[in-house]
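Topology and contacts: notes
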Amino acid sequence: MEKKKLTIHLKVWRQKDADSKGKFVSYTVNDVNPDMSFLEMLDVLNEELIKKDEEPIEFDNDCREGICGMCGSVINGTAHGPQSGMTTCDVRMRMFKDGETIVVEPFRARAFPVIKDLAVDRSALDRIMSKGGYTSVRTGGVPEALSLPVPKPNADEAMDMAACIGCGACVAACPNASAALFVGAKVSHLALLPQGRPEAARRVERMVAQMDEEGFGACSNHGECEAVCPKEISITAIGRMRREYLRAMFK
Amino acid sequence: MKLDSKVPGGHLSEKWDNHKDALKLVSPKNKRHFSVIVVGTGLAGASAAASLGELGYKVINLCIQDSPRRAHSIAAQGGINAAKNYQNDNDSIWRLFYDTIKGGDYRSREANVYRLAQVSNAIIDQAVAQGVPFAREYGGYFANRSFGGALVSRTFYARGQTGQQLLLGAYGALMRQVDEGNVRLFPRREMVDLVVINGKARGILARNLITGELETYMADAVILATGGYGVAYFLSTNAINSNASAVWRAHKKGAFFGNPCFVQIHPTCIPRSGDYQSKLTLMSESLRNDGRVWVPLKKGDKRHPNDIPEEERDYYLERKYPTFGNMVPRDVASRNAKMVCDEGRGVGETGMAVYLDFRDAIRDFGRKTIEERYGNLFEMYKDITGEDAYEVPMRIYPAVHYTMGGLWVDYNLMSTVPGLFVLGEANFSDHGANRLGASALMQGLADGYFIIPYTIADYLAGTQLEKVTEDNEAFKEAKEEARSRYEKLLSVKGNKTVREFHRELGDILWNKVGMSRNEQGLKEAIEEISKLREEYWNNVRVAGEMNTMNKNLEMAGRVADFLELAELMAIDALHRTESCGGHFREESQTPEGEALRDDENFSYVAAWEFKETGKWEMHKEDLKFEFVTPTQRSYK
Ligand SMILES: Cc1cc2nc3c(=O)[nH]c(=O)nc-3n(C[C@H](O)[C@H](O)[C@H](O)COP(=O)(O)OP(=O)(O)OC[C@H]3O[C@@H](n4cnc5c(N)ncnc54)[C@H](O)[C@@H]3O)c2cc1C
Ligand code: SF4
Ligand code: FES
């Protein structure tokens with residue numbers, strides 16, 4: 001059975017480079033198959049633009065299956081689009097109505113300057129990770145895996161926290177552009193495991209200091225981050241980060 | 001040129017240890033005088049860059065994505081093998097070695113595969129110490145599962161995100177070295193050429209993907225860990241930016257290409273749906289632990305799967321391979337899926353799919369257990385297809401997934417260009433003609449953590465390395481050549497987009513250099529590919545400019561390289577008239593339709609030397625089996 005094709009109107013943020021001013025530009029895409037992904041719909045539009053000698057819309061993406069964290073746009077006002085628990089590349093056109101107008105913008109935050117159109121610079125997140133998103137072990141200098149039993153509930157919760165894909169949607173959604181959920185997820189992942197305990201205090205101090213330095217705002221418990229997080233990282237991550245931080249301060 | 005694999009002597013189990021003892025060392029204070037370029041930040045690249053940084057080398061590390069953590073290794077779902085024998089099912093290094101070399105249909109080097117099995121256990125130790133949250137049982141110890149081609153449970157996993165967690169472990173180690181100043185990181189860079197000076201790899205040329213500038217990087221050695229070339233087929237399970245350009249440029253500078261026709265087509269992917277499709281999605285092989293593969297007995301049976309009674313279903317894998325059943329290796333599972341679909345028994349709208357059914361597993365273990373095991377995969381399936389696999393069987397079909405072929409390397413992982421090392425999926429690898437599940441992660445990390453740190457020291461300590469500067473003619477030439485290539489691509493302004501060409505190339509490869517190959521088809525493919533390539537350079541339309549972010553131009557450069565590589569894949573497939581592993585030549589099959597090897601004539605690695613576009617010379621590395629006897633693979 002042929003599924004009914006959709007007509008979609010788009011208002012897309014176009015910006016030549018970091019120094020230029022951007023603006024919304026309107027496009028219409030016809031014959032959109034509802035099974036298409038949102039990015040595939042943009043591919044189709046880009047093909048049309050190329051044929052018309054116009055510049056295609058730049059947007060970051062790679063795995064197109066919700067795991068690499070490279071994609072990310074604000075779709076109709078929500079980071080990663082209308083449905084919770086999804087990345088931009090997971091969004092399917094069946095989630096929109098025929099004739100609907102969709103507004104597409106880059107993730108916006110002081111710490112995420114726009115590079116071009118929908119692509120932004122999220123390297124601040126890497127710099128935070130470089131301050132402690134690891135255990136300081138060297139290759140080879142480690143014990144046999146069985147020497148570190150980990151209770152299943154801890155392993156499971158650590159995995160929940162480790163599922164963060166570093167997309168930055170939490171930052172984009174936060175009114176303060178805070179990266180607390182992202183940092184909290186990594187701090188929690190390692191705090192929950194015996195391997196991570198020896199340098200727990202140093203880790204949280206250094207990561208939080210870098211987060212502040214990068215120009216991310218402070219967390220004031222809005223909870224928008226949790227709502228948009230494609231991996232449904234729980235806001236308890238932020239609570240745990242705070243506890244770890246206090247513990248480090250009073251050490 | 002004579003290919004020297006540098007496989008050391010001695011008994012299989014002693015080769016690596018003996019070899020390590022003989023390798024030269026670089027003294028601690030000298031290490032910081034050596035610089036190494038690592039291209040790629042996947043499991044292989046990140047683990048290598050981090051380990052070399054820890055040792056004190058000056059490392060330059062580049063990747064295409066905006067962050068090293070996004071390399072395509074992140075997408076691996078199912079797991080990583082190791083010979084720990086934690087399940088007490090009589091696993092051992094020997095068995096892991098044996099399964100892997102047999103799984104590869106005896107087209108890989110004994111010594112390499114054995115080494116891989118030997119270091120597999122250290123990888124798990126390393127990952128655990130990094131905080132990789134592998135699945136645990138209530139006692140706090142590890143849960144393991146089994147993968148295709150094995151009768152033991154040796155696969156470690158972190159939910160459905162094993163690659164992600166292993167990569168984040170390696171990424172963490174890498175970022176620690178970045179913080180300590182030992183590794184300098186250059187994301188959003190694409191290597192577009194290798195620079196060879198006095199016969200040695202001394203640097204690369206990369207395009208800055210934000211500014212479009214061409215940048216030169218110099219070093220004492222270059223490591224490529226740039227992943228596989230499955231995207232040549234347009235539709236595959238690989239990421240959009242996966243490419244062959246780095247290895248292809250190196251190939252054109254003298255690195256031989258090993259077994260380019262060995263491509264893995266994975267049996268459990270979500271079937272194609274429409275023309276707009278940009279990639280295919282893998283459903284982890286681990287699903288075959290509990291899912292049963294079937295098609296209706298009758299041709300063209302259009303009933304709802306749940307209405308087809310047991311006796312009218314054909315569980316064809318269980319029927320044909322009673323010992324391994326649904327857990328046969330990937331090449332066997334894929335080929336059988338194609339066969340039943342070609343017979344007209346395929347299911348779904350297009351008839352190009354088979355069922356993967358969890359009904360019985362849900363009945364036996366309960367929905368909760370199945371949810372725990374595969375919850376995220378079922379969700380992913382639902383997001384894409386809109387169907388609930390707890391209620392209706394999944395529909396799956398094979399898709400291009402992994403390339404066993406790649407740049408030829410010796411036992412030290414060095415290519416035929418001195419000073420150029422190749423790791424992970426980018427090399428021609430330890431997987432022969434077919435890779436077993438959960439062994440690519442193992443290989444990438446083995447190469448990066450435990451092999452290259454030792455073998456590269458031997459090269460650096462034992463080689464006369466002249467001083468080079470950026471003014472060297474070789475750098476200038478590379479830059480000029482790359483610039484004129486990009487300018488040419490932008491100036492054609494033809495009628496067909498890069499994507500249209502890419503899709504056409506993909507169709508040729510999928511139909512004629514895919515799951516089943518024959519002489520006539522391959523000859524046609526060679527012709528069609530070279531025609532398409534010619535048309536490309538006269539009729540492609542590329543948008544925008546060079547000196548800015550321009551993903552269309554990036555893709556244009558990659559497709560240009562795929563159009564050359566694809567021809568070599570077809571040439572290699574044509575010359576190898578035997579069937580082996582994923583390379584199935586219709587002319588060479590057993591009466592039951594299984595791949596029939598020809599050990600007498602083809603027990604070698606085909607290593608291709610580039611002469612000029614469309615022309616290669618083949619060199620052979622003979623494969624000697626001293627410790628196992630190649631037999632006709634049987635999974636019955
Ligand atoms: C969907 C999927 C699931 C899989 N599941 C499993 C599994 O369960 N178990 C298993 O063992 N294997 C699995 N595999 C295979 C395995 O993931 C890969 O073979 C492996 O991760 C490859 O690692 P790598 O480090 O060699 O390359 P990649 O991870 O692909 O990394 C390549 C790196 O090179 C960089 N790069 C590439 N080209 C250039 C260039 N020209 N210039 C600069 N940088 C460049 C990229 O930016 C990236 O950083 C899976 C593969 C896929 C696609
Ligand atoms: S916490 Fe969630 S939203 Fe934030 S970076 Fe991680 S995955 Fe993205
Ligand atoms: S493209 Fe990888 S998460 Fe969307």
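No experiment lies behind these values; they were computed from the predicted model shown.

A word on the overall build of chain A
Each helix and strand in chain A was counted, giving eight helices and seven strands. Dimensions of chain A along its principal axes, counting C-alpha atoms only, are 60 × 45 × 35 Å. By residue count, 60% of the 251 residues in chain A fall in the buried class. The long-range fraction of contacts in chain A, counting pairs at least 24 apart against all pairs at least 6 apart in sequence, stands at 70%. Total accessible area on chain A is roughly 10,000 Å²; 51% of this is exposed by carbon and sulfur atoms. Mean positive and mean negative side-chain charge positions of chain A (33 and 36 charges, respectively) differ by 4 Å.

Comments concerning the pattern of salt bridges
All names here are of chain B. Tallied over the entire structure, the rule returns 83 salt bridges over all chains. In this structure, the salt-bridge partner of Arg483 is Glu480, at a minimum N-O distance of 3.7 Å. Here Glu480 and Arg483 lie together in helix α13 (residues 473-492), a separation of three residues that amounts to about one turn. Residue Glu480 is classed as partly exposed on the basis of its relative accessible area, which comes to 46%.

Observations regarding the packing of aromatic side chains
Any pair of aromatic rings gets described here by the distance separating the centres and the angle formed by the planes. One pass over the structure, following the stated rule, counts 30 aromatic pairs over all chains. For A:Lys11, the ring lying beneath its charged end belongs to A:Phe24, and the centroid distance is 5.9 Å.

Topic: helix α5 (residues 110-130) of chain B
Residue and element names in this part refer to chain B. Here α5 is 21 residues long and its end C-alpha atoms lie 31 Å apart, about the 30 Å a rise of 1.5 Å per residue gives. Along α5, the helix axis deviates most sharply at Val119, where the bend reaches about 35 degrees. The element α5 is largely enclosed, with a buried count of 19 among its 21 residues. Downstream of α5 by one or two residues, Gly131 has phi in the positive range, about 95 degrees.

What to know about the environment of B:Thr385
By the secondary structure assignment, B:Thr385 is in helix α11 (residues 367-385). With a relative accessible area of 19%, B:Thr385 lands in the buried category. The residues contacting B:Thr385, other than those within four sequence positions of it, are A:Arg94 and B:Ile270. Among the polar contacts listed, one links the side chain of B:Thr385 to the backbone oxygen of B:Tyr381, at a separation of 2.7 Å. Reaching out from B:Thr385, the side chain makes a polar contact with the backbone nitrogen of B:Glu387 at a distance of 3.1 Å.

A word on the interface of chain A and chain B
Each partner contributes to the interface: chain A provides 72 residues, whereas chain B provides 77 residues. A buried area of about 6,400 Å², summed over both sides, lies between chain A and chain B, and 51% of it is on carbon and sulfur atoms. Where chain A touches chain B, the interface holds 11 salt bridges. Of the charged contacts, one joins B:Lys551 and A:Asp60 as a salt bridge, the two residues approaching to 2.8 Å between their closest N and O atoms.

Section: the pairing of strand β13 (residues 292-296) of chain B
Successive residues of a regular strand alternate their side chains across the two faces of the sheet. Residues and elements named next belong to chain B. Buried residues dominate β13, accounting for four of its five residues. Across three bridges, β13 lies against strand β15 (residues 354-357) in antiparallel orientation. Paired with Val293 across the two strands is Leu356, which belongs to β15. Pairing between β13 and strand β14 (residues 313-314): two bridges, direction antiparallel. From the neighbouring strand, Val295 faces β14, where its bridge partner is Asp314.

A look at the domain arrangement of chain A
Residue and element names in this part refer to chain A. As far as domains go, chain A holds domain 1 (6-116) and domain 2 (123-249). A straight line from the C-alpha centre of domain 1 to that of domain 2 covers 29 Å. In this complex, domain 1 contributes 18 residues to the contact, which on the side of domain 2 involves 19 residues. Across the domain 1/domain 2 interface, buried area totals approximately 1,300 Å², and carbon plus sulfur atoms make up 64% of it.

Re the site of ligand 1
Residue and element names in this part refer to chain B. Surveying the vicinity of ligand 1 reveals 37 residues, the closest of which are Gln65, Ser73, Met191, Glu425 and Leu441. Measuring from an oxygen atom of ligand 1, one finds a backbone N or O atom of Ala225 at 3.3 Å. Contact with the protein chains covers 97% of the free accessible surface of ligand 1, which is 1,000 Å². At a threshold of 2 Å from the grid points, most atoms of ligand 1 map onto the largest cavity. Only α3 (43-55), β7 (189-197), β16 (394-403) and α12 (440-462) provide two or more residues apiece to the shell around ligand 1.

Quick word on the site of ligand 2
In the vicinity of ligand 2, the contacting residues are A:Cys164, A:Ile165, A:Gly166, A:Cys167, A:Gly168, A:Ala169, A:Cys170, A:Leu181, A:Phe182, A:Cys229, A:Pro230 and A:Ile233. Looking at the shell around ligand 2 residue by residue, the class counts come to 10 nonpolar, two polar and no charged.

So, the sheet that holds β14(B)
The strands that make up a sheet are held in pairs by hydrogen bonds between backbone atoms, and each pair lies either parallel or antiparallel. Residue and element names in this part refer to chain B. Taken together, the five strands give an open sheet; going across it, the order is β12-β16-β15-β13-β14, and neighbouring strands pair in antiparallel fashion. Two strands in the sheet have a free side with no partner beyond their single neighbour: β12 (263-269) and β14. Set on the sheet, helix α9 (residues 330-342) makes contact with β12, β13, β15 and β16; between it and β12 the angle comes to about 65 degrees.

Side note on empty space enclosed by the protein
Residues and elements named next belong to chain B. Under the definition given, this model contains 16 cavities of 30 Å³ or more. There is about 910 Å³ of room inside the largest cavity. For the largest cavity, the lining is made up of 50 residues, of which His72, Ser73, Gly227, Gly228 and Glu425 are closest to its centre. Of all the elements in the fold, those that place two or more residues in the lining of the largest cavity are α3, β7, β16 and α12.

Observations regarding unusual backbone geometry
All names here are of chain B. In this structure, Asn90 is a non-glycine residue whose phi angle is positive, near 65 degrees. Residue position: Asn90 is located in the loop between β3 (80-81) and α4 (93-103). The backbone phi angle of Asp105 is positive, close to 55 degrees, even though this residue is not glycine. You can see Asp105 is positioned in the loop between α4 and α5.

Let's talk about the domain arrangement of chain B
Residue and element names in this part refer to chain B. In terms of domains, chain B is made up of domain 1 (45-166 + 176-256 + 413-462), domain 2 (267-399) and domain 3 (473-601). Averaged C-alpha coordinates put domain 1 and domain 3 at centres separated by 24 Å. Together, Tyr233, Phe234 and Trp248 form the three largest contributors to the area buried by domain 1 at its contact with domain 3, with a combined 21%. On inspection of domain 1 and its partner domain 3, the count reaches six salt bridges. As a salt-bridge pair, Lys252 and Glu564 come within 2.8 Å of each other at their nearest N and O atoms. At the junction of domain 1 with domain 3, the criterion picks out 17 residue pairs in polar contact (both at pLDDT 80 or more). Elements that contribute at least two residues to the side of domain 1 that touches domain 3 include exactly β7, β8 (200-208), β9 (214-218) and α7 (245-252).

What counts and what doesn't
Numbering of residues begins from 1 in every chain and follows the order in which that chain's sequence is written. Chain letters start at A and ligand numbers start at 1, both assigned in the order the entries are written. The predicted origin of the model limits local features to residues at a pLDDT of at least 70 and limits the giving and counting of side-chain atom pairs to 80 or more, whereas totals for whole chains, interfaces and linings rest on all residues. Side-chain metrics rest on all non-hydrogen atoms present in the structure, leaving aside hydrogens and water. Counting from the N terminus, the helices are the DSSP runs of H or I reaching at least four residues and the strands are the DSSP runs of E reaching at least two. A simple rule labels every residue: compare its accessible area, found with a 1.4 Å probe on the protein chains alone, to the largest value its type can have, and call it buried under 20%, exposed over 50%, or partly exposed in between. Residues count as neighbours in contact if any of their non-hydrogen atoms are within 4.5 Å of one another. Accessible areas in this description were obtained via Shrake-Rupley with a 1.4 Å probe; residue shielding takes into account the shown protein chains only. When charges are counted, Lys and Arg are positive and Asp and Glu negative, with His and the chain ends excluded. Lysine's charge is taken at NZ, arginine's at CZ, aspartate's at CG and glutamate's at CD. Salt bridges are defined by distance alone: a side-chain nitrogen of Lys or Arg within 4 Å of a carboxyl oxygen of Asp or Glu. Centre distance within 6.5 Å is the pairing criterion for rings of Phe, Tyr and Trp, where only the six-membered ring of Trp is used; planes under 30 degrees apart are then read as stacked, over 60 as edge-to-face, and the remainder as tilted. Whether a charge lies above a ring is judged from NZ of Lys or CZ of Arg, which has to be within 6 Å of the ring centre and within 35 degrees of the ring normal. By definition here, a helix of n residues has an expected span of 1.5 Å times n minus one. The reported bend at a residue is simply the angle between two axes, fitted to the 7 residues ending at it and to the 7 residues beginning with it. In protein, a polar contact requires one atom able to donate a hydrogen and another able to accept it; more generally it is a pair of N or O atoms within 3.5 Å, and residues adjacent in sequence count only if both atoms are side-chain atoms. A quick way to say it: buried area is the sum, across both parts, of accessible area lost when two parts are put together, with a 1.4 Å probe. Two strands are counted as paired when DSSP detects at least two bridges linking them. Segment limits for the domains were obtained from an automatic or database-derived domain assignment. Whether a residue is near a molecule or strand is decided by its heavy atoms; if any one of them lies within 4 Å of it, the residue is near. A cavity here means a set of points on a 1 Å grid, drawn over the protein atoms and nothing else, where a 1.4 Å probe fits but cannot get out; a pocket is an open set with protein on both sides within 12 Å along at least five of seven lines, and a residue lines either one if it has an atom within 4 Å of a point. If over half the atoms of a molecule are within 2 Å of the grid points of a cavity or pocket, the molecule is regarded as sitting in it. For this classification, the nonpolar set comprises Ala, Val, Leu, Ile, Met, Phe, Trp, Tyr, Cys and Pro, the charged set comprises Asp, Glu, Lys and Arg, and every other residue, Gly included, is treated as polar. Here an angle of 0 to 180 degrees is reported between the N-to-C directions of two axes, which are lines fitted to C-alpha atoms, with helices fitted over the stretch in contact. Grid points are joined across faces, edges and corners, and a volume is the space filled by probe spheres set on the points.

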